Amino acid sequence: MRTLTRAIAAAVAIALCACAGAERRSGMVVSTSAIASRVGADMLARGGNAVDAAVATAFALAVTHPVAGNIGGGGFLLWRNADGSADAYDFREMAPAAATPTMFVKDGAYDAALHHDSYHSVGVPGTVAGLHLAWRDHGTLPWRDLVEPAVKLARDGFIVSDGLAQSLAEILPRMQAYPASVAQFSHEGRPYAAGETLRQPDLARTLERIAREGPAGFYEGLTAELLVRDMQAHGGLITLDDLRNYHAVKRAPLRGSYRGLEVVAMPPPSSGGVALLEMLNMLEHERWTRADFGSAAAVHMQVECMRRAFRDRARHLGDPDFNPDIPVARLTSKEYARTQAQSIDRTRAGRSAPADATSAAHESEQTTHLSVVDGALNAVSLTYTLEQGYGSCIVAPGTGFLLNNEMGDFNAQPGRTDDTGLIGTKPNLAAPGKRMLSSMCPTILAKDGTLFMVTGSPGGRTIINTVLETILAVVDFGMGAQEAVDAGRFHHQWLPDRIVYEPGALSPETIAALGAMGHTLKEGRNQGVAEVIVVLHDGELDGGCDRREPDGAAVRVDALRGRRDPSPRRRRRSSSNCTM
Ligand code: DON
């Protein structure tokens, strides 16, 4: 499925550059679809702010990047105002009222298909409510204007890229059980070819209702009725009440620090912020230079921090509204990090034991991230998902959008914890109205009160380590945004107890040295698709779009002349081949 990610995507950075007198400021949208990033950049060019651009980009991604862009899923939006205030918007899916902790158990045994591949795997979608809540708090352009470009893209269509054609062809067999999905994403079963136009008229009509009525156009009326009708026809759990009761939540973001930088991160039900801060706190006392990048000593320390943070993730984290005692303050404290770091042997690999909590669940396969900075240096870091690529693959007839399979992020079976990857701990068991634990990790850093970095990535549990590694690459190893995004990545998640590294990410010497320390290593596939913006000393924006997505492209927009220049151009400050 990961090939889908790479095949479909166009990592895009769109820079919006405005120079007024002595002041030099840029705005930028970085997302995995060139078309969607242009939509967001157009909002900046119209005078919108980072939330306006992020909302418009997210709706456009729901059309152009169906593997993960969505209105049928959920996610997290982190907003940092240039004045330092910040809000975290939680629009994670909620379990329907009929959910139970044992809902994925059939005849006494865990049923993976129920968990991830059925109408029971669909959580109540959160994206529309979440985008609307963030817009209501911070947006400046009319709501309708932010949704309208997506309506047009769905109605009039857009040209299918090589990557999207390949991705749709690969997913088609999984869609066979759902005729409305096959109808929407193929010509009566024949896959789209690159260069053809993909029109999604049902999606256009749903988006039009959302543009006109706001969340009511999704959670009530025709959209809700169509969705529930399909649920009822197939034994699904979501009811009209579930939809009506869905609410996004504004939460206080986590705040920490790393080497004097302010770190703003996502609180539970994301595990991302807690684990990230725990790792950063443990690593803060390392003294690294550029030469240490990729060394066995540096990788070993990072891996041991990952091991501890992922153990704590499995032990403690879940929906805070159902787990009021999650020790977030303790886990993210410098004092706790000190005790954890003291347990690291610099010469020997640690050991992970399921009895310490439990191992993490399956690897998820699709999600997407976008980073936005506007001319005033307000920032949005937004990660949202359908869980796996194309989610449940279910399109309820007449709705035009894919439903998530996010219920698969709840623990599978109470008490069943083993090193095959199942978790049975209580904090993340399914329950009515509960939000499933996530690894999504939108993150924003500031330096001396001024925006410094916006980062995030897809990749299931690898997300947290990808985000960590982009931060270390910039802050510790002195890389520019593109270099940081390009740098090889590795992942350890406590259990299975092994380091998985991207091809070429670790040198043979480093691999040998880590092996001698007692680490188990495995070469894996590409890890994550990070979208990064760094604010340079002079206020210029340095963008990193992830070339792990081969269709990567970038477009510069001249704000003063209101003109986008689609011609390839090398970025001034980075070694990127992403054009800006
Ligand atoms: O919320 C989560 O952590 C997962 N559902 C995210 C899945 C994901 O990132 C897959 N991406 N490649």
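In the block above lies the structure referred to throughout.
Residues numbered from 1 in each chain as written. Predicted model: local features only at pLDDT ≥ 70, side-chain atom pairs only at ≥ 80, totals over all residues. Heavy atoms only, no water.

Caption draft 1: Inspection of the pattern of salt bridges at higher detail. Taken as a whole, this structure holds 33 salt bridges when the rule is applied. Among the salt bridges present, the one from Arg80 reaches Glu262, with a minimum N-O distance of 3.4 Å. Here Glu262 lies in strand S13 (residues 261–265) and Arg80 lies in strand S3 (residues 74–80), a separation of 182 residues in the sequence. Owing to a relative accessible area of 1%, Arg80 belongs among the buried residues under this scheme. Residue Glu208 pairs with Arg212 through a salt bridge whose shortest N-O separation is 3.7 Å. Taken together, the positions of Glu208 and Arg212, both in helix H9 (residues 201–213) and 4 residues apart, correspond to about one turn of that helix. We classify Glu208 as buried; its relative accessible area is 19%. Several salt bridges converge on common partners, so that one network encompasses Arg144, Glu148, Glu208, Arg212 and Glu213. (Salt bridge = Lys/Arg side-chain N within 4 Å of Asp/Glu carboxyl O. Helix = DSSP H or I, 4+ residues; strand = E, 2+ residues; numbered from the N terminus. Buried < 20%, exposed > 50% of the residue type's maximum accessible area, 1.4 Å probe, protein only.)

Caption draft 2: Summary view of the nonpolar core. Of all hydrophobic cores here, the largest spans 84 residues; its most connected members are Phe59, Ile71, Leu207 and Leu382. Looking at this core element by element, the count peaks at 12 residues for helix H3 (residues 50–64). Each residue touching Ile71, except ones within four places of it in the same chain, is listed here: Phe59, Ala62, Pro125, Thr127, Val128, Leu203, Thr206, Leu207, Ile210, Phe218 and Phe401. Judged by nonpolar contacts, the second largest core, of 82 residues, contains Val299, Ala337, Ala484 and Leu541. (Core = buried A, V, L, I, M, F, W, Y, C linked by side-chain atoms within 4.5 Å. Contact = heavy atoms within 4.5 Å.)

Caption draft 3: Representation of the sheet that holds strand S19 (residues 450–455) in the model. Overall, antiparallel pairing links the 6 strands, which are arranged S12-S13-S18-S19-S23-S24 in an open sheet. Of all the strands in the sheet, the pair left with one neighbour each is strand S12 (254–258) and strand S24 (541–545). Averaged over neighbouring strand pairs, the angle between their axes works out to 20 degrees when direction is ignored. Pairing of strand S23 (residues 531–535) with S24, which is carried by 5 bridges, proceeds in the antiparallel orientation. In the sheet register, Val535 faces S24, and the bridge partner there is Leu541. (Pairing = 2+ DSSP bridges. Axes fitted to C-alpha atoms, helices over the stretch in contact; angles between N-to-C directions.)

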